[in-house]
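# Fold and geometry: a report
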Amino acid sequence: MVSRFEGRVAVVTGGVQGIGQGIALRLAAEGAAVVIGDLQDDDSTARRIVADGGRAAHVVMDVRRPGDWKRLVDEAVGGFGGVDVLGNVAGVTNTIGPDNVVELTEAGWNHVVDTDLKGVWLGMQAVIPRMLGGGGAIVNIASMAALKGLENLAAYSAAKGGVVSLTQQVAMEYSPRGIRVNCICPGTIDTPILAGITDEMRANFTDAHLIPRLGTPADIAAAAAFLLSDDASFCTGEILPVDGGWNTKGSAG
Ligand SMILES: NC(=O)c1ccc[n+]([C@@H]2O[C@H](COP(=O)([O-])OP(=O)(O)OC[C@H]3O[C@@H](n4cnc5c(N)ncnc54)[C@H](O)[C@@H]3O)[C@@H](O)[C@H]2O)c1
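Looking at an unreviewed UniProt entry, one finds the protein chain named Glucose 1-dehydrogenase and attributed to Pseudonocardia autotrophica.

Written out as structure tokens, the structure reads:
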């Protein structure tokens, strides 16, 4: 494995499982010290990185809370000397009710939008002042729901669409000052977020891709590591679908 992140410090939210875990493990394998922020009090990803000879820490935090972001960044700065890259990964679907625009409750809207959009804003707000002067790179995880209409994902689509727009806006403002900001729109990725889907839904999600399988956290981690590395030094404000061809298949006439 190449070592594109040797000497760098990464903050990754949602790193206990799924896509965030995949990104944390990949960045650590390439030499980064990784500080994981997650709602779950479970430091197994950080312990796995340390057991493999890497450097990592776990902070129990909620991406919706500015004070929690301060603790997370303080851990990165105090423990490892700074923040060079941010993976804004933590996110939720509406698990507290329907996500149809008519049936959606205000609580459901707030749950999704506060986590998936406000959390991404707060993350960039917390790390960008630390990156100014030394430069940095940020990847925000959106969704194909930001790019096309998907059923029963009203609040989720609105939040992820906001992540796409915010990525471009922040890239506009901070790229000239040495901070690159990009966004990935994953296809359907086989993670615990899919717990509870039926076999039929799983088959439909698979069929939606031109590459006939679900994606893996490693698929997204490979793209995130590219965008966060110097290999992507001419990429900013990019919205990258990593979707097994879902977008292309969906647009075929
Ligand atoms: N899996 C997919 O098919 C898919 C597709 C497109 C986009 N995404 C996005 O990728 C990201 C990761 O998804 P995943 O499939 O790995 O989900 P997941 O549910 O497996 O993991 C999400 C992680 O985020 C953490 N988290 C949730 N709310 C949090 C909060 N308020 N503060 C801190 N941590 C919190 C959870 O504890 C968990 O560890 C999400 O933003 C999701 O919307 C996933």
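### Describing the overall build of the protein chain
On a plain count of helices and strands, the protein chain comes out with eight helices and seven strands. Over its C-alpha atoms the protein chain spans a radius of gyration of 17 Å, differing by no more than 12% from the 18 Å that the globule rule assigns to 253 residues. Buried residues in the protein chain amount to 47% of all 253 residues. Long-range pairs, those at least 24 residues apart, make up 68% of the contacts in the protein chain with a sequence separation of at least 6. Taken as a whole, the protein chain presents about 11400 Å² of accessible surface, with 53% of it coming from carbon and sulfur. A distance of 5 Å separates the average location of the 19 positive side-chain charges in the protein chain from that of its 28 negative side-chain charges.

### What to know about the environment of Glu106
One can find Glu106 in helix H4 (residues 106-131). Residue classification places Glu106 among the exposed residues on the basis of a relative accessible area of 63%. In the structure, Glu106 is positioned 49 residues away from Ala155 in sequence and 9.9 Å away in space, judged by C-alpha atoms.

### Comments concerning the packing of helix H1 (residues 18-29) against helix H2 (residues 44-51)
Direction vectors running N to C along H1 and H2 enclose 20°, while the axes themselves pass 10 Å from each other. Judged by the inter-axis angle, H1 sits roughly parallel to H2. Our pair here, H1 against H2, has a crossing hand that is right-handed. Residues Gln21, Ala24, Leu25 and Ala28 of H1 pack against Thr45, Arg48 and Ile49 of H2. Here the residues of the contact of H1 with H2 sort into four nonpolar, two polar and one charged.

### Focus: helix H3 (residues 66-80)
Across its 15 residues, H3 extends 21 Å between first and last C-alpha, which sits within 8% of the 21 Å expected from 1.5 Å per residue. Within the sequence span of H3, burial applies to Asp68, Trp69, Leu72, Val73 and Ala76. Considered in projection along H3, the buried side chains sweep an arc of 135° and stay on one side of the axis. Away from its buried face, by an angle of more than 90 degrees, H3 presents the exposed residues Lys70 and Gly78. Elements in contact with the buried residues of H3: strand S1 (9-13), strand S2 (33-38), strand S3 (55-60), strand S4 (85-88) and H4. Within two residues after H3, Gly81 carries a phi angle of roughly 100°, on the positive side.

Basis of the calculations
- Residues numbered from 1 in each chain as written.
- Predicted model: local features only at pLDDT ≥ 70, side-chain atom pairs only at ≥ 80, totals over all residues.
- Heavy atoms only, no water.
- Helix = DSSP H or I, 4+ residues; strand = E, 2+ residues; numbered from the N terminus.
- Rg over C-alpha atoms; globule rule 2.2 N^0.38 Å.
- Buried < 20%, exposed > 50% of the residue type's maximum accessible area, 1.4 Å probe, protein only.
- Contact = heavy atoms within 4.5 Å.
- Areas by Shrake-Rupley, 256 points an atom, 1.4 Å probe, with all protein chains shown as cover.
- Lys, Arg positive; Asp, Glu negative; His and termini not counted.
- Charge placed at Lys NZ, Arg CZ, Asp CG, Glu CD.
- Axes fitted to C-alpha atoms, helices over the stretch in contact; angles between N-to-C directions.
- Parallel < 35°, antiparallel > 145°, perpendicular 65-115°, else oblique.
- Left-handed = near helix turned anticlockwise from the far one by under 90°.
- Nonpolar A, V, L, I, M, F, W, Y, C, P; charged D, E, K, R; others polar.
- Expected span 1.5 Å × (residues − 1).
- Arc of directions from axis to C-beta.

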